[in-house]
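# Summary of the model geometry
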Amino acid sequence: MAETVVTVGIDIGGTFTDFWVFDGQKIRQHKVLSTPGNPEKAVLQGLKELGILQPALIIHGSTIATNAFLERKGAKVALVTTRGFEDVLEIGRQNRIGIYDLHVKKPDVLVPQEGRFGVTERMDWQGQPLVPLTREEIEKLGKRLQSYNPEAIAVVFLHSYVNGVHEEYVVTSLRRQYPYVFASSHVNPEHREYERTSTTVISAYVAPVVSRYLEHLSETLGSSLRVMSSAGGYMSAKRIIEQPAAMMLSGPAGGVVASFELARALGYERIVTFDMGGTSTDVAMIQGRIPITRDMEFDHLPLRSPMVDIHTVGAGGGSMASFDRGGNLRVGPQSAGSFPGPACYGQGGMTVTVTDANFLLGRLDQDNFLGGKMILDRNATHQAFQTLMDQGLKQGIEMPDVALAEGILEVVNAAMSRAIRRVTAMKGVDPAQFVLLSFGGAGGLHAADLAAMLGIQEVLIPPDAGTFSAQGLARSQAYADALASVLKPTQDLTVEYIQDLLEKLADKTVKQLADDGHRAESITSFYHLDLRYQGESYEILTPWQGTLKDTVEMFHQLHEQYYLHKELLTPVECVNLYVRSIAEMRAIPLPVWQNSAAAKPFTHRPMVFKGESLSTPCYRREELSAGQRIFGPALVIEPASTILIPPHYQATVDHYGIIHITQ
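Residues numbered from 1 in each chain as written. Predicted model: local features only at pLDDT ≥ 70, side-chain atom pairs only at ≥ 80, totals over all residues. Heavy atoms only, no water.

## What to know about the overall build of the chain
- When its secondary structure is counted, the chain shows 16 helices and 34 strands.
- For the chain, the C-alpha radius of gyration of 26 Å lies close to 26 Å, the compact-globule estimate for 663 residues.
- Along the first, second and third principal axes, the C-alpha atoms of the chain reach 80 × 55 × 55 Å.
- Put simply, the chain has 663 residues, and 58% of those count as buried.
- Computing the positive centroid from 59 side-chain charges and the negative centroid from 72, the chain places the two 2 Å apart. (Helix = DSSP H or I, 4+ residues; strand = E, 2+ residues; numbered from the N terminus. Rg over C-alpha atoms; globule rule 2.2 N^0.38 Å. Buried < 20%, exposed > 50% of the residue type's maximum accessible area, 1.4 Å probe, protein only. Lys, Arg positive; Asp, Glu negative; His and termini not counted. Charge placed at Lys NZ, Arg CZ, Asp CG, Glu CD.)

## Comments concerning the sheet that holds strand 22 (residues 435–439)
- Pairing is mixed across the open sheet formed by 8 strands, whose spatial order is 19-14-13-22-23-34-33-30. For this open sheet the edge positions go to strand 19 (311–313) and strand 30 (629–631), each flanked by a neighbour on one side alone. On average, each strand axis in the sheet is inclined to that of its neighbour by 20 degrees, with strand direction left out of account.
- Both strand 33 (residues 650–653) and strand 34 (residues 659–662) contribute to a ladder of 4 bridges, which runs antiparallel. Bridge assignment links Gln 650 to a residue of strand 34, and that residue is Thr 662. (Pairing = 2+ DSSP bridges. Axes fitted to C-alpha atoms, helices over the stretch in contact; angles between N-to-C directions.)

## Description of the sheet that holds strand 32 (residues 641–645)
- With respect to topology, 4 strands assemble into an open sheet ordered 28-29-31-32, the strand pairing being mixed. For this open sheet the edge positions go to strand 28 (603–609) and strand 32, each flanked by a neighbour on one side alone. Neighbouring strand axes in the sheet, compared pairwise and without regard to direction, differ in orientation by 30 degrees on average.
- Pairing of strand 31 (residues 634–638) with strand 32 involves 5 bridges; the strand directions are antiparallel. When the sheet's bridge partners are listed, Leu 635 is paired in strand 32 with Leu 644.

## Overview of the packing of helix 11 (residues 378–394) against helix 12 (residues 401–423)
- At a minimum axis separation of 10 Å, helix 11 and helix 12 run at an interaxial angle of 85 degrees. By the angle between their axes, helix 11 is roughly perpendicular relative to helix 12. Together, His 382, Phe 385, Leu 388 and Met 389 of helix 11 and Asp 401, Leu 404, Ala 405 and Ile 408 of helix 12 make up the contact between the two elements.
- Here the contact of helix 11 with helix 12 is composed, by residue class, of 6 nonpolar, 1 polar and 1 charged. (Parallel < 35°, antiparallel > 145°, perpendicular 65-115°, else oblique. Contact = heavy atoms within 4.5 Å. Nonpolar A, V, L, I, M, F, W, Y, C, P; charged D, E, K, R; others polar.)

## With respect to the pairing of strand 32
- Of all 5 residues in strand 32, 5 are buried; the element is thus mostly enclosed.
- The two faces of strand 32 match: Ser 641, Ile 643 and Ile 645 on one face and Thr 642 and Leu 644 on the other face are all buried.
- Linkage of strand 31 to strand 32, two consecutive antiparallel strands, is achieved through a turn of 2 residues.

## Let's talk about the environment of Pro 340
- Its place among the elements puts Pro 340 in the loop between strand 21 (329–335) and helix 10 (354–360).
- Along the sequence, Pro 340 and Ser 615 sit 275 residues apart, while their C-alpha atoms lie 32 Å from each other.
- If we skip the residues at most four places from it in the chain, Pro 340 touches Tyr 345, Gln 347, Gly 348 and Gly 349.

## Here we look at the packing of aromatic side chains
- Taken as a whole and judged by the stated rule, the model has 5 aromatic pairs.
- An angle of 85 degrees between the planes, with centres 6.4 Å apart, marks the rings of Phe 69 and Phe 298 as edge-to-face. Linking Phe 69 in helix 2 (residues 64–70) with Phe 298 in strand 16 (residues 296–298), this pair joins segments that are 229 residues apart in sequence.
- Residue class for Phe 298 comes out buried when judged on its relative accessible area of 9%.
- Between Phe 439 and Phe 468 the ring centres are 4.7 Å apart and the planes differ by 50 degrees, which places this aromatic pair in the tilted class. On the criterion of sequence distance, the pair formed by Phe 439 in strand 22 and Phe 468 in helix 14 (residues 468–475) is long-range, its members being 29 residues apart. Both residues of the pair, Phe 439 and Phe 468, belong to the buried class. (Phe/Tyr/Trp six-rings, centres within 6.5 Å; stacked < 30°, edge-to-face > 60°.)

## Details of the pairing of strand 1 (residues 6–12)
- Among the 7 residues that make up strand 1, 7 are buried, leaving the element largely enclosed by the rest of the structure.
- Here strand 1 shows two buried faces, one formed by Val 6, Val 8, Ile 10 and Ile 12 and the other by Thr 7, Gly 9 and Asp 11.
- In the sheet, strand 1 pairs with strand 4 (residues 56–61) via 6 bridges, with the strands oriented parallel. Residue pairing across strands places Thr 7 opposite Leu 57, the latter belonging to strand 4.
- In this sheet, strand 2 (residues 16–22) lies alongside strand 1 in antiparallel orientation, the contact comprising 6 bridges. When the sheet's bridge partners are listed, Gly 9 is paired in strand 2 with Trp 20.

## Some thoughts on helix 11
- Along its 17 residues, helix 11 runs 25 Å from first to last C-alpha, staying within 8% of the 24 Å computed at 1.5 Å per residue.
- Summarising the contacts, the buried residues of helix 11 are in contact with strand 20 (319–323), helix 10 and helix 12.
- N-cap assignment for helix 11: the residue whose side-chain oxygen lies 3.1 Å from the backbone N of Asn 379 is Asp 377.
- Gly 396 sits one or two positions beyond helix 11 and adopts a positive phi of about 80 degrees. (Expected span 1.5 Å × (residues − 1). Polar contact = N/O pair within 3.5 Å; in protein donor to acceptor, adjacent residues only side chain to side chain.)

## Thoughts on the packing of helix 1 (residues 39–50) against helix 7 (residues 193–221)
- Following both chains from N to C, one finds helix 1 and helix 7 inclined at 20 degrees, their axes separated by 10 Å at the closest point. The angle between helix 1 and helix 7 places the two elements in the roughly parallel class. Regarding helix 1 and helix 7, the two cross each other, and that crossing is right-handed. Residues Pro 39, Glu 40, Val 43, Leu 44 and Leu 47 of helix 1 form the contact with helix 7, whose own contacting residues are Tyr 213, His 216, Leu 217, Thr 220 and Leu 221.
- Tallied by class, the residues present in the contact of helix 1 with helix 7 amount to 7 nonpolar, 2 polar and 1 charged. (Left-handed = near helix turned anticlockwise from the far one by under 90°.)

## Looking at the side chain of Asp 11
- For Asp 11, the position within the fold is in strand 1.
- The buried charged residue Asp 11 lacks any salt bridge partner; its closest oppositely charged side chain belongs to Lys 31, at an N-O distance of 7.6 Å.
- Setting aside residues no more than four positions away along its own chain, Asp 11 makes contact with Phe 16, Thr 17, Asp 18, Gly 61, Gly 251, Ser 469, Ala 470 and Leu 473. (Salt bridge = Lys/Arg side-chain N within 4 Å of Asp/Glu carboxyl O.)

See the structure below:
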């Protein structure tokens, strides 16, 4: 791919659409309100305001696929499967959601019974045909599908991960009439019928929405457009349309990429990422590499696709506060979004949000929000709090607005700390051994308190924290991946067999990247094995060490780290081989902070901490100098975010402009 002068990262969030631009010398950031009903409108508006008219590399992350799935606004899908297996999608696994809940509701099945079509064909577990697929059977299927009139089709045959020829036959026949047909042997060539079926159905379900959206953007942006996938790298729009489920964690993956690059530049090995936006909070654990998983669930439905290992909770600046029927204070997961947004936005919002709580406590500057583009409405905030207090009084709860605001922050912080423990303590590591890297528009207001709850000693807040995920999109690399199912004990495998199959997978991924315009010499491939102890249900993605002995030893170590034990006498089984290839693009350096004169507060304002009002200095971040130290309480304001340094904390600015907060 030819060197591009301008690189643009664009991250569509629930409240704001963020832009981060690098032209080879200067960095710019920008925000516009998201337009949920027409998300590309905010993208095009922001590019116009930035004056991005010349050819550019535009790397775009979006929740378009996730929203279509969660809101059940996807396509009408038909499932074509081996006769007798039509109900796999509904039967699922024996695992129960809420095992002690007598009123538990199973997740909605994306394909109703009348949309599942059994076909007479059968492969055995070794990929040998037991029942051939005939032309007559395909013709009968076509007539049955016409009466159902699907928008997209998922084709999932038994054991097609070993031999997908029957699926390919059906796909070739159906694509003459239906534009969106997906074969499980291409989407997810792994064993486990339920997970493979669910993954293929989800791909078909979101495909028309993703395709229409990207085709519309491509009409305007042309060949400049690239799309961030859930796996922490970007693809061409064409390849994303062929595997649309790869967009399910598109935006949040950018923040992890940016965190990894920053941690590598600073020499930090252990980082917990904390991305608090307007609608949700995303957290991840980095230990020397971007964490990748293929075992994810969305709304309790499995999706087997490479993804950055991120945990998301419905806690953001726009999360709404309320009292439940028992009189308990709740925050989220419902969000006020970008419109009407929090009450303080002055756009008609009447519900108290986390942002309103911070504003009431003095932690947001009324006149400098979004760089002065939005003046916060104090009267609307007080009216919303009065409504919430009246709701509490009806349930016998009398609480003044300041105490209520502090209670809202305690509740949302508790939810976010549980999320961080899930990606650290539940994987056998102590969060106190990590550094917390905070970003997102709302993260800086909560990071120090959150670190204290987790025993974390240091918080990092990079410049442009409010557009950090967009920066990660701009810093990401092009990638392609491929997988092959093995399902054999490692003692029955040879190094030659493993190496040969890995190289074939690598050839496939290199060709995909070459087709997207990347030079072969820029591409590096990384080899992995999915390993498990015989008898276990799930595997651990283990980097290939060059020999089976060393790779198995690495697996033992990883198993002990994750599950606190290892079984050296139990045979190890290889489930899959996995290759990920990356095309190295130009590196975007961390810019050196230019200011040399220490900043002075531009104002002092009262802020409430544990019920006590303290006069607190406020600084403009762009005026801080490298090496400057600030003692809390203090507020640091930048256009896209606000950073709180609580009492008994101090902050130091390093030569990259990164703020380090410690006690």
